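Structural description and commentary
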Amino acid sequence: MSAENVDRLVLLGSKGGPAVRPGGPWPSSSLLAIGGRTIVVDCGLGVTRGMVDAGISLKALDRIFVTHLHSDHVLELGPLIHTAWTAGLAAPVTVYGPPGTGHYWQRFCQAMEFDIEIRIVDEGRPDIRDLVSVEEFGEGLVLEDGGLTVTTLRVDHPPVTDCFALRFEQGGKSVVFSADTALFPPLAEFARSANILVHEAMLADGVERLVARTGNGARLREHLLASHSFADEAGRIASNAGVKRLVLNHLIPADDPVIGEADWIDAVRKTWAGDLTIARDGLVVPLSGEHAASGEETA
Ligand SMILES: [Zn+2]
Ligand SMILES: [Zn+2]
């Protein structure tokens with residue numbers, strides 16, 4: 001992982017849902033290096049460790065985007081910024097998220113008040129509450145700055161209404177994140193011709209096994225079917241959008257030993273014939289579009 005400044009997507013946490021299992025993948029977080037910026041997309045548990053393991057200095061933290069406030073996307077937002085702060089973060093950080101993000105951040109700082117106050121006095125650190133600003137967004141244009149454009153699209157993730165797909169564009173390159181969503185046809189227009197579409201995905205067989213394994217089976221199945229997409233549905237969006245590469249991410253299930261990459265590929269090939277990546281924690285996907293980084297498995 002040599003070139004620090006190569007435009008790339010790094011999948012830090014690739015599983016859907018908040019559970020973690022021994023040796024298994026981590027909940028949702030990604031890193032987008034584009035035009036010299038370091039952008040974090042979603043902050044599920046493990047995002048801090050994932051960034052460090054990807055060779056990214058926490059002090060490089062610049063902009064953070066949160067697609068929605070489900071814990072597998074936001075649980076480690078505060079701890080990530082706080083850890084960067086104790087590591088010497090001195091430049092301002094902006095967090096972009098749906099309504100409620102500011103409330104989360106304010107209450108996180110309250111919960112950590114003892115530690116924050118003591119480090120300011122004892123270690124001479126700047127006040128973390130002054131370093132961080134939160135911008136809550138709705139649908140549409142969120143940011144236009146130095147050639148970077150970020151737009152959002154409200155997707156279909158009941159019962160959460162404020163859940164947004166994100167489109168990042170810079171220097172003719174574009175990366176789109178579906179966020180968590182049931183099959184949502186307008187995403188195809190939103191993701192039109194993107195270099196990379198990162199779309200969430202489930203496997204039907206895996207969902208049945210997951211439902212059988214957990215105590216709350218029927219309710220869980222109901223939620224998954226109403227609020228998430230199957231792999232072939234993600235493939236349909238990618239085909240309709242004419243993207244260059246589809247990345248299946250937020251995998252459900254992500255840690256079932258019976259389900260492997262071949263199963264995901266089988267499912268998505270029904271609807272998508274183009275470049276494909278099945279996410280795995282730590283996987284690097286260059287934005288150039290030609291080739292995968294070493295260690296990446298593509299099909
Ligand atoms: Zn999720
Ligand atoms: Zn969700």
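Look a little higher up for the structure.
Residues numbered from 1 in each chain as written. Chains lettered and ligands numbered in written order. Predicted model: local features only at pLDDT ≥ 70, side-chain atom pairs only at ≥ 80, totals over all residues. Heavy atoms only, no water.

Attention now moves to the coordination of the zinc ion (ligand 1). Those donors, D72 (OD), H73 (NE2), D180 (OD) and H250 (NE2), are the protein atoms that reach the zinc ion (ligand 1), and they lie 2.1 to 2.2 Å from it. Around the zinc ion (ligand 1), the four donor atoms are arranged such that angles at the metal cover 89 to 168°; this shape is classified as irregular. Written as a sequence motif, the donor arrangement for the zinc ion (ligand 1) is D-H-x106-D-x69-H. In this model, the zinc ion (ligand 1) sits 3.4 Å from the zinc ion (ligand 2), the two metals being bridged by D180. Here the residue D180 occupies a position in the loop between β10 (173-177) and α7 (186-190), and H250 occupies one in strand β12 (residues 245-252), the gap between them amounting to 70 residues. Of the two residues, D180 and H250, both sit in the buried class. (Donors = N, O, S within 2.8 Å, 3.2 Å for Na, K, Ca; no water. Tetrahedral: all angles 85-135°; square planar, octahedral: opposite > 155°, others 65-115°. Helix = DSSP H or I, 4+ residues; strand = E, 2+ residues; numbered from the N terminus. Buried < 20%, exposed > 50% of the residue type's maximum accessible area, 1.4 Å probe, protein only.)

With that out of the way, let us pick up the sheet that holds strand β11 (residues 196-202). Pairing in this open sheet of seven strands is mixed, and the strands run β7-β8-β9-β10-β11-β12-β13 from one edge to the other. On the outer flanks of this sheet lie β7 (140-145) and β13 (275-278), each paired with one strand and no other. Averaged over all pairs of adjacent strands, the angle between their axes in this sheet comes to 20°, without regard to strand direction. Two elements, β11 and β12, share seven bridges in a ladder whose sense is parallel. Across the sheet, residue H199 finds its bridge partner in β12, namely L248. (Pairing = 2+ DSSP bridges. Axes fitted to C-alpha atoms, helices over the stretch in contact; angles between N-to-C directions.)

Bringing the coordination of the zinc ion (ligand 2) into the picture now. Around the zinc ion (ligand 2), the donor atoms from the protein are H68 (NE2), H70 (ND1), H157 (NE2) and D180 (OD), and they sit 2.1 to 2.4 Å away. The site at the zinc ion (ligand 2) holds four donor atoms, and with the angles between them running 91 to 162°, its shape is irregular. Binding-site remark: the zinc ion (ligand 2) is held by donors from one chain whose sequence spacing is H-x1-H-x86-H-x22-D.

Quick look at the packing of helix α3 (residues 77-86) against helix α4 (residues 101-111) now. Remark: α3 packs on α4, axes separated minimally by 10 Å, with the N-to-C direction vectors making an angle of 55°. Between α3 and α4, the angle falls in the class oblique. Between α3 and α4 the crossing geometry is right-handed. The segment α3 lies against α4, with L77, G78, P79, I81 and H82 engaging T101, Y104, W105 and F108. (Parallel < 35°, antiparallel > 145°, perpendicular 65-115°, else oblique. Left-handed = near helix turned anticlockwise from the far one by under 90°. Contact = heavy atoms within 4.5 Å.)

The next point concerns the packing of aromatic side chains. This structure, assessed with the given rule, holds six aromatic pairs. On the basis of an interplanar angle of 5° and a centroid distance of 6.4 Å, the ring pair of Y104 and F108 is categorised as stacked. On the criterion of helical spacing, the pair formed by Y104 and F108 is a turn pair, its members being four residues apart in helix α4. What makes Y104 partly exposed here is its relative accessible area of 21%. Taken together, a centroid distance of 5.9 Å and an interplanar angle of 85° make the contact between F168 and F177 edge-to-face. Each member of the pair, F168 as well as F177, carries the same accessibility label: buried. In textbook terms, an aromatic cluster arises when at least three aromatic residues are bridged by ring pairs, as seen for F65, Y96, F168 and F177. (Phe/Tyr/Trp six-rings, centres within 6.5 Å; stacked < 30°, edge-to-face > 60°.)

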